[in-house]
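What follows is each chain in one-letter form.
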Amino acid sequence: MRRYRNILAAFAAVLWAAWALAAPARAESLVLTSPDGRIAITISDAGGEASYEVAFEGRPVIARSRLGLLFAAHHGFERDLAITAAARASRDDTWEQPWGERRQVRDRHNELAVTFSATTGPARSMVVRFRAFDDGIGFRYELGAQAALAGELAIVEELTQFAVGETTQMWYTPSDEFNRYEYLTRTGAAGKVDDAHTPATFRNGDGIYFSIHEAALVDYSAMSLGALRPGTFEARLRNWSGGPKVITRAPFHSPWRTIQIAPAAVGLINSDLILNLNEPNKLGDVSWVEPGKYVGIWWAMHIRDRTWGREGIHGATTDEAKRYIDFAARHGFAGVLVEGWNIGWDGDWFNNGDLFRFTEAMPDFDLEEVARYALAKGVRLIGHHETSANITNYENQMEAAFDLYQRLGVRQVKTGYVADAGDVVRIDAKGIRRYEWHDSQFMVRHHLKVVEEAARRQISINAHEPVKDTGLRRTYPNWISREGARGMEFNAWGTPPNPPEHEAMLAFTRMLAGPMDFTPGIFDLRPNERPPLRPDMPRSDPSNRPQTTLAKQLALYVVLYSPIQMAADLPENYEARPDAFQFIKDVETDWEQSIALAGEIGDYVAIARQGRKSKEWFLGAVSDEEARDLALTLSFLEPGRQYRAQIYRDGADADWDTNPYAMVIEEKLVTGGDAFALRLAPGGGAAVRFIPVT
Ligand code: NOJ
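Residues numbered from 1 in each chain as written. Predicted model: local features only at pLDDT ≥ 70, side-chain atom pairs only at ≥ 80, totals over all residues. Heavy atoms only, no water.

## Some details on the packing of aromatic side chains
The relation between two aromatic rings is expressed through the spacing of the ring centres and the mutual angle of the planes.
Reasoning step 1: Within the structure shown, the criterion is met by 32 aromatic pairs.
Reasoning step 2: Here the aromatic rings of Tyr 52 and Phe 139 are separated by 4.8 Å at their centres, their planes lie at 50°, and the arrangement is tilted. Highlighted residues: Tyr 52 in strand 3 (residues 51-56) and Phe 139 in strand 9 (residues 136-143), separated in sequence by 87 residues. Considered together, Tyr 52 and Phe 139 belong to a single accessibility category, that of buried residues.
Reasoning step 3: Taken together, a centroid distance of 5.4 Å and an interplanar angle of 40° make the contact between Phe 130 and Phe 139 tilted. The exposure classification of Phe 130 matches that of Phe 139, with both residues buried.
Reasoning step 4: Cluster of aromatic residues (ring-pair linked, three or more members): Trp 308, Trp 345, Trp 349, Phe 350, Phe 356, Phe 358 and Tyr 394.
Reasoning step 5: The positively charged end of Arg 124 is found above the aromatic ring belonging to Phe 77, 5.8 Å away from the centroid.
Reasoning step 6: Taking NZ or CZ as reference, Arg 474 lies 3.7 Å from the ring centre of Trp 95, over its face. (Phe/Tyr/Trp six-rings, centres within 6.5 Å; stacked < 30°, edge-to-face > 60°. Helix = DSSP H or I, 4+ residues; strand = E, 2+ residues; numbered from the N terminus. Buried < 20%, exposed > 50% of the residue type's maximum accessible area, 1.4 Å probe, protein only. Lys NZ or Arg CZ within 6 Å of the ring centre and 35° of its normal.)

Below, the structure is given as structure tokens:
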């Protein structure tokens, strides 16, 4: 009987194999739809090429676009490919974020894993795994261990294309220029764009909004978009110095290539697709990761009141740090960042990454005493590691540096990688000095090394001049924030400073990647008009100033998400305006829920968020250079419940340029579901706190 069963099983296996071989003819075109049926991905092997296309409600988003990989010394996946297997799955789960824009995240998707096999040359296959969510799609390459791919595998090209259409409107920053991700958002027809970082945001002729990005960038190089021909981009992977783009071995998988899709611009902000395509938390209990607000010895250097090094007025002195700690304790801030505290800042620190010492303080800064003083006042020192992008110098000292901070009770470290794009220093095994890119596989590996070393010591990382965010905060919740765009500092010295539309651009572009340490809250809106403190410390051009009203500075705490938010200005500037400062003291940074209510890319945006601790709601709205009347509905508040709305809004004649301080602070009783009108000035904004009436 058993023998008979075995024969039957063998017969079934032969039948299955015959079906699998016959599959190419039947499976030339496979369709995967999102759970709500609105998004459809069509995957094909027509012409022997792997390709996909994406439609929303039957209208094209991505026209037929190729897929594939090329290697330096192995046969690749480019031509003579056939679909030989396909496996479907679906999921509907909800998972909880330890901190974030919302506590509960729903992951509902359908999946199709398609095997493309080579029909010529050595036997080999790649799986392209697609997931379709209601808010977009993701796909990645998966290569199993196989004889044809044995040994070190050097990827020289990823053939992924995105045919978005020549006239599709695009919002992006350039990807190959010296200032890394720190460019003003550009806009124009996709057909005219040469290269772009992701997230890049689009609106096509059918009015469909979408954003191309990637998720879970681990041990691979970052992808940017390069024009292949007008309206069609290909995935450009950053290369190693003098080498290929990615060095790996099978089995491996690529990061997810993502396309968030929505019928309205705010739908992109409300999407959780990037997080859903990352792996769950690997760190276990992360109750030591602390969202919150901080102040610091920072803006004073950017406006040239102080210096990082000792050639001017050194900022990071023990006394000055204590002054900030006292201020933080008085006003309820959790942390005090101190920059310029360690050896290495004197002179040309931009180009002297070799000199930084991460365990040695300047003589006028008593690190132990400052950390102790802070803890005694219920505040924590926030550490700072500026590396000037000399990675070897930093990695040689990193573990000792984190040990030191851990011993002193530091829970958060801001890292920095100031250097031009392509100037990251790596000393190789032979002692040769190499130059890498900030978004190379080398730096992708480095950042995770930092995050893992920090996690071992219960320290969270806020990286400046980072690699872009791809949602790894889900897997490593101690990667608490990062920069990776033009932040507030450009308003101190940026010539040109950030224009009034900047934050309404960021909300729909950079912010789709994840939290940003923008460092809002500047209250002295003309910092460079003050006389210099010393003739050898001249201020920057007075045209460098925040091009916002005061109310908009407050709105940024709600609009630009980060679980850590700085109150970036000098203590004395806050104490001069206690009424406006109250909003910064009240606003939370960790959210139960977040809802982008209304907005258009680069014009305006209004976002509501509910605090995790207080359950109060906060609303932030910002405009570009135009004045606007927003007609919102308080549909996010509990229906029928009364709330005290504390409103900080632009005064009637407010204008970022001529009258930035005109602000009205008023209180109103509102009810969930009420209509709620807000007038935003040119360069203006509004911030509202809704306190439930008990
Ligand atoms: C650039 C960072 O963005 C800024 O925040 C920091 O103050 C300087 N580097 C010095 O590390």
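## Thoughts on the domain arrangement of the chain
Reasoning step 1: By the assigned domains, the chain splits into domain 1 (29-268), domain 2 (279-484) and domain 3 (492-529 + 541-694).
Reasoning step 2: With centres defined by C-alpha atoms, the gap from domain 1 to domain 2 works out at 33 Å.
Reasoning step 3: Contact with domain 1, which involves 31 residues of that partner, is made by 34 residues of domain 2.
Reasoning step 4: Connecting domain 1 to domain 2 are four salt bridges. (Domains from an automatic or database assignment. Contact = heavy atoms within 4.5 Å. Salt bridge = Lys/Arg side-chain N within 4 Å of Asp/Glu carboxyl O.)

## Points about the packing of helix 5 (residues 318-331) against helix 6 (residues 367-376)
Reasoning step 1: Where helix 5 contacts helix 6, the two axes come as close as 10 Å, and the packing angle between them is 15°. Overall, the two elements helix 5 and helix 6 adopt an arrangement that is roughly parallel. The chirality of how helix 5 crosses helix 6 is right-handed. Packed against helix 5, whose contacting residues are Thr 318, Ala 321, Lys 322, Ile 325 and Asp 326, the element helix 6 presents Glu 369, Val 370, Tyr 373 and Ala 374 at the interface.
Reasoning step 2: Split by residue class, the contact of helix 5 with helix 6 holds five nonpolar, one polar and three charged. (Axes fitted to C-alpha atoms, helices over the stretch in contact; angles between N-to-C directions. Parallel < 35°, antiparallel > 145°, perpendicular 65-115°, else oblique. Left-handed = near helix turned anticlockwise from the far one by under 90°. Nonpolar A, V, L, I, M, F, W, Y, C, P; charged D, E, K, R; others polar.)

## A closer look at the site of the ligand
Reasoning step 1: Taken together, the neighbourhood of the ligand is formed by 14 residues, with Trp 298, Glu 339, Glu 386, Lys 414 and Glu 489 sitting nearest.
Reasoning step 2: The contact in question runs from an oxygen atom of the ligand to an N or O atom on the side chain of Glu 339, over 2.5 Å.
Reasoning step 3: In isolation the ligand offers 300 Å² of accessible surface; the protein chains occlude 96% of this area.
Reasoning step 4: For the shell around the ligand, the class distribution of residues is five nonpolar, three polar and six charged. (Near = heavy atom within 4 Å. Polar contact = N/O pair within 3.5 Å; in protein donor to acceptor, adjacent residues only side chain to side chain. Areas by Shrake-Rupley, 256 points an atom, 1.4 Å probe, with all protein chains shown as cover.)

## Section: unusual backbone geometry
Reasoning step 1: With omega at 0°, the peptide bond leading from Ala 250 into Pro 251 counts as cis.
Reasoning step 2: Structurally, the position occupied by Pro 251 is in the loop between strand 19 (246-248) and strand 20 (252-253).
Reasoning step 3: A cis amide bond links Thr 495 with the next residue in sequence, Pro 496, at an omega value of 0°.
Reasoning step 4: For Pro 496, the location among the structural elements is in the loop between helix 9 (490-493) and helix 10 (502-506).

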